[in-house]
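# Architecture at a glance
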Amino acid sequence: MKKSGILSLVAVFLMLAMMLTACGGTVSMKKVFNEDYKVVADPFTGYTELEEIEDYEIEEYNQEVIVLQKAEEDSVTYKFLNLRTGEIVKTIEAKDELYLFQLVDNLPLVFVAKVAEEEAEEPAPAAEESEGGKLPENPFADIDAEFYLYDITGEEVATSDYCYQAPVAFADLVIYDDVAYDIDADGALVNPTAVPEYVIKNENAVVAGDFFVVPTAINSERPNCFYVYDRTFHYVSSFFAPGYASVNLIAPLEDGNVLVQYAVKLDENAKKYDYYDFGFEGITEKYDLQTYVFNSVKGTLKSVKMDYLLTAVVPNSDLYDAEAENNLYTDKFDNIAVGYAIEDKRINDSQDGIDMFLLSNKGKVGKSLKFFDTQKISTKGILSFKKLSSDMYLVQGLNGVGILDKNGKLINMIANDTLEFTGEYFVGEKAIYDLDFEIVYHFAENKGDAEGTVGGAVIIEEETDEGFDAILLHNGEETVIYSSDDEKVLDYDVAPAIGCYVLETEDGYEYYNVEGELVIETKTSLEFMPFATKGGVFGGEETEDGYTYYFFTK
């Protein structure tokens, strides 16, 4: 039920779905993809020097917030940096206290424990022995401690002198001390709502329409039941699979109902069955496959016909691209499903047996997104999918790369090559191509090779009589950014985090974006956070006195 795994699976099949020209029985890409979706990013143009945290060291960080600290003779100062805005939102000075910070699963919050400097006279009581050994029931037992929850705006959301457990993510909420908070557009925790004790706080909870669906398991790691709560945490309904059933899938639908699929093993002499398999020592095992739509409000089941053993069902709203802050897909369908076809009473679990199709909230199978039934699907062979513009899509698969229009028609294709799409060009093993798959740079003919990318541009190293030139290929033009015989420029590099190329001189480092604009000059080389953030990119350089930090924006 984890969304990340399901989304990856769906993305793989969507890539394949676009590889070939649309034909009868399939759905047009125009009806599936949002034409306003934007892939190519704008170049970085500027930065802010974060003077307030100069010479501070990083204590903790995630994609939302950084906690920095600076130790002095009789105190330690901590600061919270909001990575959406690049602003310092909270300062804490510690003298006679010890502060411990915890960041949770890239949530926009900081959990703080403030404890007395002296340790407890007696050790904390130990819990019963477990597989992991003896663990304390409360690591802060007999210690004067206070606990605080801050969001990334620096607001103190909650405080406690007993709740030492960090907040947890519950669907699209944050829960701390039996209170749930929404996360608004700025990352602030708002709308506190009390959570009753009976609510099962499972991290696999998902949002389904106006409800929370919380899958759980009984004596098994595989979910075989779930509970439904409304947005105020009132119990609505629940589902328990029969004890004799093997649950295959529990998947919330776009309207808040839930698709349930499970198999019941039948007697080996049964004449009516949906599929068979071979069990221990080749004994034939027969199964009845039952698929239902569970009505979350009424708690009732309605049987639906399904000739697939499903592997995933994803509501349209779950396909929202948070990083691009846009929805890649239109709102003209309910759900997308992936599954193995059942053919001649057998589950076709080969590559060509996998299908992907639209699925209504009533459980009705719709158009297939697999254009040719004979097209074999291999998740290992799908390398990339990008939207190039409002009417062009790129799909790369086992046999090459193709460009399709918004109706799913193949415009052009390069066979038997592995390409990397940079946003401007396709970089292959033999050449670099433009968006029309026309060769713009041939490696062998020019004695060059691709060395890296800067934004959507490509950096090429080309042999010369004196050594080599580093060439920036951008907007169809070639610009020499470095020559190995240059006496003023010592070396060059790339800084992918901010889409810049870097020139090293005797005086330091110069960072240029793809437009050739100087973004920043530094004395030492910059280091960046190992991931993208919602607002900008955090980086810094080590100086003689400590660190200088910058927040880069577009």
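For every chain, the first residue of its written sequence is number 1, and the numbers climb from 1 along that sequence. With pLDDT at 70 or above as the cut-off, local features in this predicted model cover only qualifying residues; side-chain atom pairs require 80 or more to be listed or tallied, and sums for whole chains, interfaces and linings still use all residues. As a rule here, side-chain values come from all non-hydrogen atoms in the structure, and water together with hydrogens is ignored.

### With respect to the overall build of the chain
Across its full length, the chain carries two helices and 48 strands. Note on classification: 1.4 Å probe, protein chains only; a residue is buried when its accessible area is under 20% of the maximum for its type, exposed when over 50%, partly exposed between these limits. A buried classification covers 47% of the 554 residues belonging to the chain. Long-range contacts, defined here as pairs at least 24 residues apart, represent 46% of the contacts in the chain between residues at least 6 apart. Using a 1.4 Å probe, accessible areas were evaluated by the Shrake-Rupley method; residue-level cover was limited to the displayed protein chains. Of the roughly 28800 Å² of accessible surface on the chain, 44% is carried by carbon and sulfur atoms. Each helix is a run of H or I in the DSSP string that is no shorter than four residues. Each strand is a run of E no shorter than two, and both are numbered from the N terminus. We call two residues in contact whenever any of their non-hydrogen atoms come within 4.5 Å of each other.

### Considerations on the side chain of Thr 548
Along the polypeptide, Thr 548 turns up in strand 48 (residues 547-553). Residue Thr 548 is classed as buried on the basis of its relative accessible area, which comes to 7%. Apart from the residues lying within four places of it in its own chain, the contact partners of Thr 548 are Glu 49, Glu 54, Gly 539, Gly 540, Glu 541 and Thr 543.

### Points about the environment of Asp 485
Among the secondary structure elements, Asp 485 is positioned in the loop between strand 41 (477-483) and strand 42 (489-495). Each C-alpha atom of the pair Asp 485 and Phe 468 lies 8.0 Å from the other, and the pair is 17 residues apart in sequence.

### Quick notes on unusual backbone geometry
Both trends apply: most residues other than glycine have a negative phi, and most peptide bonds are in trans. We note that Phe 233 has phi near 70 degrees; this positive angle belongs to a residue other than glycine. Considering the arrangement of structural elements, one finds Phe 233 in the loop between strand 16 (225-230) and strand 17 (235-240). On the basis of relative accessible area, Phe 233 is assigned to the buried category, the value being 1%. Within the chain, Asp 344 stands out as a residue other than glycine whose phi angle is a positive 55 degrees. For Asp 344, the location among the structural elements is in the loop between strand 26 (335-343) and strand 27 (346-347). Exposure remark for Asp 344: the relative accessible area of 74% places this residue in the exposed category.

### A few points about the pattern of salt bridges
We define a salt bridge as a contact between a side-chain nitrogen of Lys or Arg and a carboxyl oxygen of Asp or Glu at a distance within 4 Å. Considering all chains together, one arrives at eight salt bridges under this definition. As a salt-bridge pair, Arg 84 and Glu 64 come within 2.9 Å of each other at their nearest N and O atoms. Pair noted here: Arg 84 is in the loop between strand 4 (76-82) and strand 5 (87-94) and Glu 64 is in the loop between strand 2 (57-61) and strand 3 (65-71), with a separation of 20 residues, a long-range link. Close ionic contact of Asp 178 with Lys 201 constitutes a salt bridge, the shortest N to O distance being 3.6 Å. Taken together, the residues span a long stretch of sequence, with Asp 178 in the loop between strand 11 (173-176) and strand 12 (179-183) and Lys 201 in the loop between strand 13 (189-194) and strand 14 (206-208) at a distance of 23 residues. Members of the salt-bridge network, linked through shared partners, are Asp 172, Asp 182 and Arg 231.

### Considering the pairing of strand 8 (residues 145-151)
Across the seven residues that make up strand 8, a large majority, six, are buried. Note that strand 7 (residues 109-116) and strand 8 share seven bridges and pair antiparallel. By the bridge assignment for strand 8, Phe 111 is matched with Leu 149. Pairs of strands are assigned from DSSP output, requiring at least two bridges between the strands. Examined bridge by bridge, strand 8 and strand 9 (residues 156-160) share four bridges and lie antiparallel to one another. Bridging from a neighbouring strand, Tyr 150 pairs with Glu 156 of strand 9. What sits between the antiparallel neighbours strand 8 and strand 9 is a turn of four residues, in which Gly 154 has the positive phi angle 90 degrees.

### Let's talk about the sheet that holds strand 15 (residues 211-216)
Each strand in a sheet pairs with another by means of backbone hydrogen bonds, the pair being arranged parallel or else antiparallel. Spatial strand order, 14-15-16-17: four strands in an open sheet with antiparallel pairing. Of all the strands in the sheet, the pair left with one neighbour each is strand 14 and strand 17. Taking the axes of each pair of neighbouring strands and ignoring which way they run, one obtains an average angle of 25 degrees across the sheet. Direction of pairing for strand 14 relative to strand 15: antiparallel, over a ladder of three bridges. Across the sheet, Val 206 pairs through a bridge with Val 213, a residue of strand 15. For helices, the fitted axis covers only the stretch in contact; all axes are lines through C-alpha atoms, and the angles between them, taken along N-to-C directions, range from 0 to 180 degrees.

### What about a negative patch on the surface?
Patches draw on residues past 30% relative accessible area with no salt bridge. Two like charges within 9 Å are joined, as are two nonpolar side chains (Val, Leu, Ile, Met, Phe, Trp, Tyr) within 5 Å. Counted charges follow a simple rule, with Lys and Arg positive, Asp and Glu negative, and His plus the chain ends left uncounted. To locate a charge, take NZ of a lysine, CZ of an arginine, CG of an aspartate or CD of a glutamate. Residues Glu 49, Glu 51, Glu 54, Glu 544 and Asp 545 make up a contiguous surface patch of negative charge. With respect to the helices and strands, the residue Glu 49 is situated in strand 1 (residues 46-49). With a relative accessible area of 34%, Glu 49 lands in the partly exposed category.

### Considering the environment of Ile 183
Within the secondary structure layout, Ile 183 lies in strand 12. C-alpha separation for the pair Ile 183 and Asp 172, spaced eleven residues apart in sequence, amounts to 7.7 Å. Residues in contact with Ile 183, not counting those within four places in the same chain, are Leu 107, Pro 108, Val 174, Ala 188 and Leu 189.

### Some details on the environment of Gly 467
As for its placement among the helices and strands, Gly 467 is situated in the loop between strand 39 (457-463) and strand 40 (468-474). With 17 residues separating them in the primary sequence, Gly 467 and Ser 484 have C-alpha atoms 5.8 Å apart. Setting aside anything within four residues of it in sequence, one finds Gly 467 in contact with Glu 462 and Ser 484.

### Side note on the sheet that holds strand 44 (residues 508-513)
If you walk across this open sheet you meet the four strands as 42-43-44-45, and the pairing is antiparallel. The outermost strands of the open sheet, each flanked by one partner alone, are strand 42 and strand 45 (518-522). The average angle at which neighbouring strand axes cross in this sheet is 20 degrees, direction not considered. Relative to strand 45, strand 44 is paired through four bridges, and the arrangement is antiparallel. Across the sheet, Tyr 512 pairs through a bridge with Leu 518, a residue of strand 45.

### Points about the packing of aromatic side chains
Pairing of aromatic rings covers Phe, Tyr and the six-membered ring of Trp, with a centre-to-centre limit of 6.5 Å; geometry is then stacked below 30 degrees between planes, edge-to-face above 60, and tilted otherwise. Taken as a whole, this structure holds 29 aromatic pairs when the rule is applied. On the numbers, 6.2 Å between centres and 50 degrees between planes, the contact of Tyr 550 with Phe 552 is tilted. Residues Tyr 550 and Phe 552 agree in their burial class; the two are buried. Joined through ring pairs, the aromatic side chains of Tyr 78, Phe 80, Tyr 99, Phe 101, Tyr 148 and Tyr 150 make up one cluster. Ring-over charges, as used throughout, are those where CZ of Arg or NZ of Lys falls within 6 Å of the ring centre and within 35 degrees of the ring normal. When the ring centre of Tyr 273 is taken as reference, the NZ or CZ atom of Lys 345 above it lies at 5.0 Å.

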